[in-house]
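Observations on the model geometry
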Amino acid sequence: MFKKFLIIGSIPYQKRKKSIGGTTVLMKNLLEYFSSNKIDYSFISSNSFDGKFSFLLNYLTVVLKSILLIPFSKIIMVNCSRNGAFYLYPLIFLIAKLFNKKIIFRMFGGNFIDLCESSNYFKKNILLLVLRYTDLICVETKYIITYLKSVIGESNDILWLPNVRNKVKNVKSKSFSKKFAFISHVKETKGVDNIIESASKCSHEYSFDFYGFISDKKYENDFINKQKNCTYLGVLNGSEVIPTLSQYDVVLLPSFHPGEGYPGIIIESFSLGKPVIASNLEGISEIVSNNKTGLLVPIKNTEALLGAIKFFNNENYDIFSKNALKEFENYDSEKVYLTLLNRIEQL
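The paragraphs below set out a description of the structure included in this document. (Residues numbered from 1 in each chain as written. Predicted model: local features only at pLDDT ≥ 70, side-chain atom pairs only at ≥ 80, totals over all residues. Heavy atoms only, no water.)

1. Quick word on the pairing of strand β11 (residues 276-279)
Inspection of the sheet shows strand β10 (residues 250-253) paired to β11 by 3 bridges, in the parallel sense. Opposite Leu252, over in β11, you have Ile277 as the bridge partner. One crossover worth recording links β10 to the parallel β11 by way of helix α9 (residues 264-271), and it is right-handed. In terms of strand pairing, β11 meets strand β12 (residues 294-297) through 4 bridges, oriented parallel. Bridged to Ile277 within β12 is Leu295. (Pairing = 2+ DSSP bridges. Helix = DSSP H or I, 4+ residues; strand = E, 2+ residues; numbered from the N terminus. Right-handed = clockwise from strand over helix to strand, strands pointing away.)

2. Section: helix α7 (residues 192-199)
Think of an α-helix as turning once every 3.6 residues; residues three or four places apart then point the same way. Counting buried positions along α7 yields 6 of 8 residues, so the element is predominantly enclosed. Listed in full, the buried residues belonging to α7 are Val192, Asn194, Ile195, Ile196, Ser198 and Ala199. Along its buried surface, α7 packs onto β7 (179-183), β8 (207-211), β9 (230-232), β10 and α11 (302-311). (Buried < 20%, exposed > 50% of the residue type's maximum accessible area, 1.4 Å probe, protein only. Contact = heavy atoms within 4.5 Å.)

3. Remarks on the environment of Glu327
Relative to the helices and strands, Glu327 is located in helix α12 (residues 317-327). On a C-alpha basis, the gap between Glu327 and Val288 in space is 8.7 Å, while along the polypeptide they are 39 residues apart. Residues contacting Glu327, with those up to four places away along its chain left out, are Phe270, Ile287 and Thr293.

4. Quick look at the sheet that holds β12
Strands sit in the order β9-β8-β7-β10-β11-β12 across an open sheet of 6 strands; the sheet is parallel. Two strands lie at the open edges of the sheet, namely β9 and β12, each paired on one side alone. Here the average twist between neighbouring strands, direction ignored, is 25°. For β7 and β10, the ladder comprises 2 bridges, and the chain directions are parallel. Pairing of Ala181 across the sheet is with Val251, part of β10. (Axes fitted to C-alpha atoms, helices over the stretch in contact; angles between N-to-C directions.)

Listed below in structure tokens is the structure:
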């Protein structure tokens with residue numbers, strides 16, 4: 001049956017905790033929006049397989065299904081991160097153009113520039129070549145738009161498509177109670193050690209709870225629970241994030257993880273009126289207004305992080321909370337995806 005859209009991307013699988021992350025949750029969010037608005041589409045998962053040989057199996061599956069479904073679709077949307085951009089997209093682009101179809105490239109995260117500049121000449125320029133002839137390019141951060149215009153030209157149709165989340169109804173205000181949460185993959189590059197060190201210098205009135213898949217083995221065997229004021233509470237399913245987050249005052253993300261774009265947990269925090277303390281990275285600084293919706297700290301700077309934690313109090317918390325909730329309007333999925341659909345209608 002003919003479909004308006006063919007969408008390709010990775011989604012979260014509840015039985016595979018490692019598959020639950022910012023990009024897969026965001027992909028799921030788009031599919032739910034299309035379904036709820038009765039937009040006609042087919043979907044190909046690019047992470048159906050896990051374990052040994054999964055890259056090859058997923059690659060072949062996507063290519064074969066694309067060959068079968070592209071002729072019966074009007075618009076192809078390929079959602080990529082890292083390897084998918086360089087190894088999968090150019091081939092899907094060729095297949096789509098052979099059948100004279102419109103194609104959309106969407107890159108998750110903020111590491112596109114680093115990936116391009118660190119790639120060999122052939123791989124980099126093949127991707128940039130197909131991007132020049134791509135009908136619509138969607139990227140998460142504004143600084144990537146600037147880069148793309150410098151390498152493929154100003155005439156290409158490039159859309160800022162930030163990380164989004166669904167609006168939360170009936171957000172309740174909360175008084176400050178010194179409860180801090182970390183919700184992300186538990187790994188060193190997300191700033192976990194910096195949080196633990198800062199927590200050790202706080203009084204017992206402060207609490208620091210950690211949620212997420214443990215990516216670095218050093219945090220196994222109750223490593224976090226042994227630290228002062230710190231508790232590891234496991235992996236959250238997508239439906240559990242908002243109810244859990246509502247119990248806390250401030251979200252911590254002192255990340256120095258390569259390719260950090262607009263972390264979904266920051267958007268989710270804003271949706272509940274929760275300010276954040278996060279690293280002053282290029283992507284994060286585009287969405288967190290320092291001293292307004294949260295506090296930005298230098299990477300790996302425990303003293304600055306500790307100062308930010310102790311900055312919040314009963315007097316200043318309410319205004320930060322209101323600012324965060326107002327900022328969320330820029331990342332409301334209904335508004336952002338409507339902009340995307342309006343742009344697609346112009347293709």
